[in-house]
Amino acid sequence: MKKQYEPIPVPFKQRFNRFRVRILPLIIFIITILAVISLWKDRISTPGFIGEVVADYSTVSSPGDGTIIHFLHEPFDSVEKGEILGYVAPKDSVLLNVQLNLIQSEMNYIRESMDPLMNLQRNRMNFESLKIEEIETRIDLAQAEINHQKVTAEYERAVELLERDLISTREYEMIKAELDVLTNSITSYRELAAYLQSQIRSLEEDGAYLQQERRDPVLAAIRVQEQRMENLLAESAPRPIYAPISGVISTVHHKENEYVRSGVPILQIESAVPSYVVGYVRQPFTVVPQEGMPVQIRSRKSDRSIYTSTIEQLGGHIQIIAENLQRPGIAYESGLPVRIPIVNAEEADLTPGEIVDIVLRPN
């Protein structure tokens, strides 16, 4: 009869070593596989397509032919909607002065053609003299304002040069003194013009000169010159350049004192707040995109932020994808463009121009 032996007990340390060598690696491997699948599915899975964050932008063009004045903006400057960025002076100041001098000469001719000895028409001629003097004062005011604009630009430039020690204090003070003289002259001309206009209105009310103008050739000639002057000043007045949107200046095409044609771009403003995402669904379509289809927008930043939205619009044609959205090694890719709005754009951590991943979530 065979002798029965009792099994030799295995020490716990030996059993643990066997578990650590044979079973524990398998458990760790299975857990790792499950974690990789979960992370791949939620964070690193290949997106349906990629898109670009888009924000509003506007190109500011010249409102007319002329020279840019009082324009001191540079790229990266922030501007607000409706802010005046500068002016475009449509006429050369030399040509404008020549035309104003021509009107002044014609007014002198009208003055000399009046007969001061006509006592019966003394009141009327006083009225006409006041009209001529008032127009001459307005001409002097216009010329002073033109020179004031030029000297103001020189003064602003002188302040900048003085801060960098590129001009002497004496040159700066000379420009400042000239600007002060022109400022005082403009004030005086405006006060004189206002006084003359009040006197003219008084004579018009007393003498009914509005009816006399219709049959008085002198008054008619004065009115023609006055209208010419007003049209000339209206045409030559600097035209303001307004910021159409709030944002940051990205590009400046022309600077101060440059001559530009009407419609020529002067600068471009880009909004810092994203508006929507434009993506391209490549062919072949694994999922056909539809308006209203839910999507996930995944940022490529370190936090991998995820935003939910829906497809707002579909493009009408398949288009060539922008070069920055094409996959490496592929020269020409085409896809169907889709537009996806960004909910709470001001709070979203997305930067205009940023590339994002988009995942379609069909119902």
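The present account deals with the structure reproduced in this document. Residue positions are given per chain, counted from 1 along the sequence in the order it is written. Local features in this predicted model are restricted to residues whose pLDDT is 70 or higher, and side-chain atom pairs enter the listing and the counts only when it is 80 or higher, whereas totals over whole chains, interfaces and linings include all residues. As a rule here, side-chain values come from all non-hydrogen atoms in the structure, and water together with hydrogens is ignored.

**Brief notes about the overall build of the protein chain**
Alright, step 1. For the protein chain, the count of helices and strands is six helices and 14 strands.
Alright, step 2. A buried classification covers 34% of the 363 residues belonging to the protein chain.
Alright, step 3. Working rule for contacts: check all heavy atoms of both residues, and any pair within 4.5 Å makes them a contact. Residue pairs at least 24 apart in sequence account for 76% of intrachain contacts in the protein chain once pairs closer than 6 positions are excluded.
Alright, step 4. Note on areas: Shrake-Rupley, 1.4 Å probe, and residue coverage restricted to the protein chains presented here. Counting every atom, the protein chain has about 23000 Å² of accessible surface; 54% of that belongs to carbon and sulfur. Strands here are runs of E lasting at least two residues and helices are runs of H or I lasting at least four, both read from the DSSP assignment and numbered beginning at the N terminus. The rule is simple: take the accessible area with a 1.4 Å probe, protein chains only, and divide by the maximum for that residue type; under 20% is buried, over 50% is exposed, in between is partly exposed.

**Remarks on unusual backbone geometry**
Alright, step 1. Positive phi is not limited to glycine here, since F76 has a value of about 80°.
Alright, step 2. Mapping F76 onto the fold places it in the loop between β2 (66-69) and β3 (78-79).
Alright, step 3. For N257, which is not glycine, the phi torsion reads 70° and is therefore positive.
Alright, step 4. Look at N257 and you get exposed, because its relative accessible area is 56%.

**Points about the side chain of R282**
Alright, step 1. Mapped onto the secondary structure, R282 falls in strand β8 (residues 265-282).
Alright, step 2. Looking at R282, its side chain comes within polar contact range of the side chain of E333, at 3.0 Å.
Alright, step 3. Leave out the neighbours within four places in its chain, and R282 touches F49, I50, I321, L325, Q326, R327, E333, S334 and G335. Any pair of nitrogen or oxygen atoms within 3.5 Å is treated as a polar contact; in protein, a donor-acceptor pairing is required on top of that, and neighbouring residues in sequence qualify only through side-chain atoms on both sides.

**Things to note about the pairing of strand β6 (residues 247-252)**
Alright, step 1. Only when DSSP finds a minimum of two bridges between them are two strands counted as paired. Bridge analysis of β3 against β6 gives two bridges, and the strand direction is antiparallel. Residue pairing in the sheet places V79 in a bridge with G247 of β6.
Alright, step 2. Summarising the sheet, β6 and β8 pair through four bridges and their orientation is antiparallel. Note on β8: the bridge partner recorded for V252 is L267.

**Quick look at the nonpolar core**
Alright, step 1. For this analysis, a nonpolar core means a set of buried residues of the types Ala, Val, Leu, Ile, Met, Phe, Trp, Tyr and Cys, connected via side-chain atoms within 4.5 Å. Membership of the largest hydrophobic core comes to 17 residues, with the highest contact counts inside it found for V277, I311, I340, L350, V356 and I358.
Alright, step 2. Elements that contribute at least two residues to this core include exactly β1 (49-61), β8, β9 (294-298), β13 (334-341) and β14 (355-360).
Alright, step 3. The dominant element in this core, judged by the number of residues it contributes, is β14, at three residues.
Alright, step 4. Look past the residues within four positions of V356 in its chain and what remains in contact with it is I50, G51, V53, V277, I297, R298, S299 and L350.
Alright, step 5. Within the second largest apolar cluster, 15 residues are counted, among which are V79, I241, V252 and L267.

**Some details on the pattern of salt bridges**
Alright, step 1. When a carboxyl oxygen of Asp or Glu is within 4 Å of a side-chain nitrogen of Lys or Arg, the pair counts as a salt bridge. Enumeration according to the criterion identifies eight salt bridges in this entry.
Alright, step 2. Of the charged contacts, one joins K301 and E354 as a salt bridge, the two residues approaching to 3.8 Å between their closest N and O atoms. Of the two residues, K301 sits in the loop between β9 and β10 (306-310) while E354 sits in the loop between β13 and β14, which places them 53 residues apart along the sequence.
Alright, step 3. Its salt-bridge partner being E312, residue R339 comes within 3.0 Å of it at the nearest N-O pair. Here the residue R339 occupies a position in strand β13, and E312 occupies one in the loop between β10 and β11 (313-314), the gap between them amounting to 27 residues.
Alright, step 4. The exposure class assigned to R339 is partly exposed, which follows from its relative accessible area of 31%.
Alright, step 5. A single network of salt bridges, built from pairs that share partners, joins K301, D349 and E354.

The quantities given are spatial measurements derived from coordinates; they are silent on function.
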